[in-house]
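# A structural walkthrough
Now for the letters of each chain:
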Amino acid sequence: MRPPLRLILPALTTLVVLAFALAVSLGGSSGARSPSSAFEGSLEPAGVQAPDFTLTDQNGRRTALHDYRGRTVLLTFLYSTCKDTCPLIAQQIRGALDNLGYDVPTLALSVDPAADTAANVRRFLRNASLTGRMRYLTGTRAHLAPLWHAYGVLPESAGNEASDHSAYVLLIDRHGVERVSFPVEELTPEGLAHDISKLRSTS
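Starting afresh in each chain, residues are numbered from 1 along the sequence in its written order. In keeping with the model being predicted, local features are shown solely for residues with a pLDDT of at least 70 and side-chain atom pairs are shown and tallied solely at 80 or more, while totals for entire chains, interfaces and linings include all residues. Where side-chain values are given, they derive from all heavy atoms of the structure, hydrogens and water being excluded.

This part is about the packing of aromatic side chains. Only Phe, Tyr and Trp rings are paired, with Trp represented by its six-membered ring, and only when their centres lie within 6.5 Å; those with planes under 30 degrees apart are stacked, over 60 edge-to-face, the remainder tilted. The final tally for this structure, using the stated rule, is three aromatic pairs. Residues Phe77 and Tyr151 carry aromatic rings whose centres are separated by 5.5 Å and whose planes lie at 45° to one another, so their mutual orientation is tilted. In this pair, Phe77 sits in strand β4 (residues 73–78) while Tyr151 sits in helix α4 (residues 141–151), placing the two residues 74 residues apart along the sequence. Exposure class is identical for Phe77 and Tyr151. Each is buried. Measuring from centroid to centroid gives 5.2 Å for Phe77 and Tyr168, while their planes differ by 40°, and the two rings are tilted. Of the two residues, Phe77 sits in strand β4 while Tyr168 sits in strand β7 (residues 168–172), which places them 91 residues apart along the sequence. Burial classes: relative accessible area under 20% of the type maximum marks a residue as buried, over 50% as exposed, and values in between as partly exposed (1.4 Å probe, protein chains only). Taking the relative accessible area as the measure of exposure, Phe77 reaches 4% and is therefore buried. Sitting over a ring, as applied to charges here, requires NZ of Lys or CZ of Arg to be within 6 Å of the ring centre and within 35 degrees of the ring normal. Between the NZ or CZ atom of Lys198 and the centre of the ring of Phe39, over which it lies, the distance is 5.5 Å. Helix and strand assignments come from DSSP, with helices taken as H or I runs of at least 4 residues and strands as E runs of at least 2, each series counted from the N terminus.

Printed below as a string of C-alpha cells:
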C-alpha cells in the first residue's frame, strides 16, 4: 500500500529546497565572478553621467568630452611638475595601453593650470612616453575649478598630500557614463587594460 500523497509532498518539497541550497552554495564557492563584479577597478554608482567639459589640449586644440561619445574614454587628473604620483599614474596608463596593443581616448585634466604650460606638459608627456597618446587638457582656474569639484579631485594648490589622495583614473563608457575608477594605490597596467577591454566589449 502506497503512503498517502499528503505525506509524500512535504518530503519532496524538503528535498527540492535542499538541492537548490546546495547548488547555490557550490556555485558561490566556485570562484566565478558575477558579470557586475568582473571588473578589476571599483564600480561607480550606476547611471552617473560624466560631467562634460570643453578645454584645450597641449597643442592648442579644442577638446570636448562629448566628442568621444561612442568610445570608451580614460580620464585622469595630473599636474606636469609633479615628481611622484603623477608620473606613476602616467606610467601605469602607458603600460595599460601597451598591454592592450591599441590606444583609446586618454585625457588628463590639469589640476595646476598655472604651472601646466605647454612646455611643461609636453616634457611631462615625453618623459612618460605618452606623446601623441594622451591629450593633456588645460584652461583657466575658473573653468577648471567646477570640474575638480564635480569629479571629486583637489587642485595642486591644496598641497601635494591632499591632491595625491584624490588622484585616480576613471573609465567612462561609450554612453558617457562613469563606470570604473582606480585610486592610484590600486592602479596597475594589467587591471586597467582588463577593464578597458571589458568596457569596449560590453558597454
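It is worth spelling out α4 at this point. Inspection of α4 places Leu144, Leu147, Trp148 and Tyr151 among the buried residues, and these make up the whole buried set. Along the axis of α4, the buried residues cluster in a sector spanning 105°; they form a single face. Pointing more than 90 degrees away from the buried face of α4 are the exposed residues Ala142 and His149. Residue contacts are counted whenever heavy atoms from the two residues lie within 4.5 Å of one another. Buried-residue contacts for α4 involve β2 (54–56), β4, β5 (106–110), β7 and β8 (178–183). Just beyond α4, the residue with positive phi is Gly152, at close to 70°. Starting at the helix axis, one direction is taken to each C-beta atom, and the arc is that of these directions.

Moving on, we come to the packing of helix α2 (residues 85–100) against helix α6 (residues 189–202). Where α2 meets α6, the closest approach of the two axes is 8 Å, and the angle between their N-to-C directions is 55°. With respect to their mutual orientation, α2 and α6 come out oblique. The element α2 and its partner α6 pack so that their crossing is right-handed. Taken together, the residues of α6 that come into contact with α2 (itself represented by Gln92, Ile93, Gly95, Ala96, Asn99 and Leu100) are Pro189, Glu190, Leu192, Ala193, Ile196 and Ser197. Broken down by class, the residue content of the contact of α2 with α6 amounts to seven nonpolar, four polar and one charged. Note on definitions: angles span 0 to 180 degrees between N-to-C directions of axes, and those axes are lines fitted to C-alpha atoms, for helices only across the stretch in contact. By the definition adopted for this analysis, an angle is roughly parallel if under 35 degrees, roughly antiparallel if over 145, roughly perpendicular if from 65 to 115, and oblique otherwise. By the definition used in this description, the sense in which the near helix is turned from the far one sets the handedness, with an anticlockwise turn below a right angle giving left-handed and a clockwise turn giving right-handed. Only Asp, Glu, Lys and Arg are considered charged, only Ala, Val, Leu, Ile, Met, Phe, Trp, Tyr, Cys and Pro nonpolar, and every remaining residue, Gly among them, polar.

Now for helix α3 (residues 118–127). Taken together, the buried positions of α3 are occupied by Asn120, Val121, Phe124 and Leu125. Looking straight down α3, one finds that the buried residues subtend no more than 130° of arc, so they occupy a single side. Across α3 from its buried face, at more than 90 degrees, point the exposed residues Arg126 and Asn127. Looking at the residues trailing α3, positive phi occurs at Ser129, about 55°.

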